[in-house]
Each structure stands twice: as structure tokens, then as C-alpha cells.
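Here are the chains, one letter per residue:
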Amino acid sequence: TTTTEPQARSLVAPLAAPLAAGPSLLCQANTLYSVSSGGSVNQISGSTVTNIGSWNGYSDVNGLAISANGAAAYAYARSGGNLQNVSAILRYTPATNTWEALPNTSYNTGNSNSLVAGAMNLATGHYLFGGYTSQGGSLVFRLYDYNPSSNAIVYVGYFNTGLSGDSDANGDIAFDAAGNLY
């Protein structure tokens, strides 16, 4: 009697083809990035402006920030009568060329004025954003923290701008390598 061994079968499905990498986000002198309210992101190097993609379908996008080593870009889509709330935190990942709105990231700030700023804290890997509101007759800037690891947004605090509460204001925020906010 002859016995034959069963033919070996692979129990592991073949890997799907990886997504093509997208444009790199460079952290170097003379290179910066901008976002239009329609969600288009541009890389500006010297006098050359290159569109690297967009969060299609979103309006009132602001607060562009680049994470450590250019691994991702974050922004938010604003909502509300004064564009004071977040309808979604947005992320672009160059390694997979993925432009996405992160789930469960809408947030009501309670502010009276627009959100205007965003920055990455390279010391923590968190995305911070903020905007103005009238409080006690003064204009204050309120700051919020988005933690990519937990997908949570928390209110951090505020500072008084010294302007009257009915003032219009704009601006931006940035962190240095040590995690100091400017």
C-alpha cells in the first residue's frame, strides 16, 4: 500500500500591493506649506509652488501642521456660524498617499470667533489648534489638543490677548523643538 502526503497549502493570503507613496513633506530651510480653505495643500520652496494634494470635499480648512520628520500633515475643517467648531480633524500620510478625515473628531469649542491656528508639538506628537472668543469683555485665545494615539480632543486652556472682546483677530501658533509654544 502506498500513501501519499497531502499537498501543502499556504494558509496565509498574499499581501495586497502597497499604496504608492505620495509627495514627501520636507523639513528643511526655505520649504514651507500652506492650505487653502478648500483643503488644497501647497509646498513652497523658494519661488516654486507645488500642489501636493487636497482633502477634497472639505471647505473652511485651516490650521495646517506637519508632524515630526514630515510623517504626516494635520489640519481641521471648520464648522459653525463663525467657523468656531471642528467638523473633522484631517490627516495626510505621505507614506501611503492617504488623505482622510479622522472619524469621531468633530468638536464644539464653545468659542464665539473662528478657529485660526494649528501646530504640531514635536515633543509629544500631539496636534494643537485654537481660536478666539470673547470672555468677560476681553478677547482670549483658547487652545485645544488632539492626541493621534487616542483620537481624543481636549481643551487645554486660554490666554488673554489684551484686546477688547469685540475685536477681530487672526494669527498662528508654532512649537520649537523643546515643545515651547509661540
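Below you will find a few notes about this structure. Numbering of residues begins from 1 in every chain and follows the order in which that chain's sequence is written. This being a predicted model, a pLDDT of at least 70 is required before a residue's local features are given, and a value of 80 or more before pairs of side-chain atoms are given or counted; all residues contribute to the totals for chains, interfaces and linings. Just so you know, side-chain values use all the structure's heavy atoms and leave hydrogens and water out.

Some words on the packing of aromatic side chains
Stated formally: To pair, rings of Phe, Tyr and Trp, with the six-membered ring standing in for Trp, must have centres within 6.5 Å; the planes then decide the type, stacked if under 30 degrees apart, edge-to-face if over 60, and tilted in the middle. The numbering of helices and of strands both runs from the N terminus, where a helix is a DSSP run of H or I of at least 4 residues and a strand a run of E of at least 2. Accessible area is worked out with a 1.4 Å probe on protein chains only. A residue is then buried under 20% of its type maximum, exposed over 50%, and partly exposed in between.
A full pass over the atoms with the stated rule returns 11 aromatic pairs. Relative to Phe129, the ring of Tyr76 has its centre 5.5 Å away and its plane inclined at 50°; by these criteria the two rings are tilted. Highlighted residues: Tyr76 in strand β5 (residues 73-79) and Phe129 in strand β9 (residues 126-135), separated in sequence by 53 residues. According to the relative accessible area criterion, Tyr76 is buried, its value standing at 0%.

Things to note about the environment of Val154
Looking at the element boundaries, Val154 is found in strand β11 (residues 152-164). Residue classification places Val154 among the partly exposed residues on the basis of a relative accessible area of 44%.

What about the layout of surface pockets?
Defined as follows: Grid spacing is 1 Å over the protein atoms alone, the probe is 1.4 Å, and a cavity is where that probe fits but cannot get out, while a pocket is an open set with protein on both sides within 12 Å along at least five of seven lines and lining residues have an atom within 4 Å of a point. Grid points are joined across faces, edges and corners, and a volume is the space filled by probe spheres set on the points.
Looking at the largest pocket, its volume works out to about 400 Å³. Forming the boundary of the largest pocket are 20 residues, of which Tyr33, Leu64, Ala65, Ile66 and Met120 lie nearest the centre. Those elements that place two or more of their residues in the lining of the largest pocket are β1 (31-35), β4 (61-66) and β8 (115-121).

Overview of the pattern of salt bridges
Going by this rule: We define a salt bridge as a side-chain nitrogen of Lys or Arg found within 4 Å of a carboxyl oxygen belonging to Asp or Glu.
Taken as a whole and assessed by the stated rule, the structure comprises one salt bridge. The salt bridge partner of Arg91 is Glu100, with a shortest N-O separation of 3.0 Å.

Examining the pairing of strand β3 (residues 48-54)
Walk down a regular strand and you will see the side chains alternate between the two sheet faces. Applied cut-off: Pairs of strands are assigned from DSSP output, requiring at least two bridges between the strands.
Relative to β3, strand β2 (residues 40-45) is paired through six bridges, and the arrangement is antiparallel. Directly across from Ile44, in β3, lies its bridge partner Val49. Connecting the antiparallel pair β2 and β3 is a turn made up of two residues, with Gly46 showing a positive phi of about 60°.

Here's the deal with the environment of Asn85
In plain terms, the rule: A contact between two residues is defined here by any heavy atoms of the two lying within 4.5 Å. Between N or O atoms, a polar contact is any pair within 3.5 Å; within protein, one atom must be a potential hydrogen donor and the other a potential acceptor, and residues adjacent in sequence are included only when both atoms are from side chains.
Residue position: Asn85 is located in strand β6 (residues 85-93). In this structure the C-alpha to C-alpha distance between Asn85 and Gly130, which are 45 residues apart in sequence, comes to 9.9 Å. Once residues within four sequence positions are removed from consideration, Asn85 is found in contact with Ala77, Arg78, Ser79, Gly80, Tyr107, Asn108, Thr109, Gly110 and Leu115. Of note is the side chain of Asn85, whose polar atom sits 2.9 Å from the backbone nitrogen of Thr109.

Comments concerning unusual backbone geometry
In this structure, Asn30 is a non-glycine residue whose phi angle is positive, near 65°. For Asn30, the location among the structural elements is in the segment before β1. Residue classification places Asn30 among the exposed positions, given a relative accessible area of 65%. With a phi close to 60°, Leu83 is a non-glycine residue in the positive phi region. Residue position: Leu83 is located in the loop between β5 and β6.

Keep in mind these values describe shape, not function.
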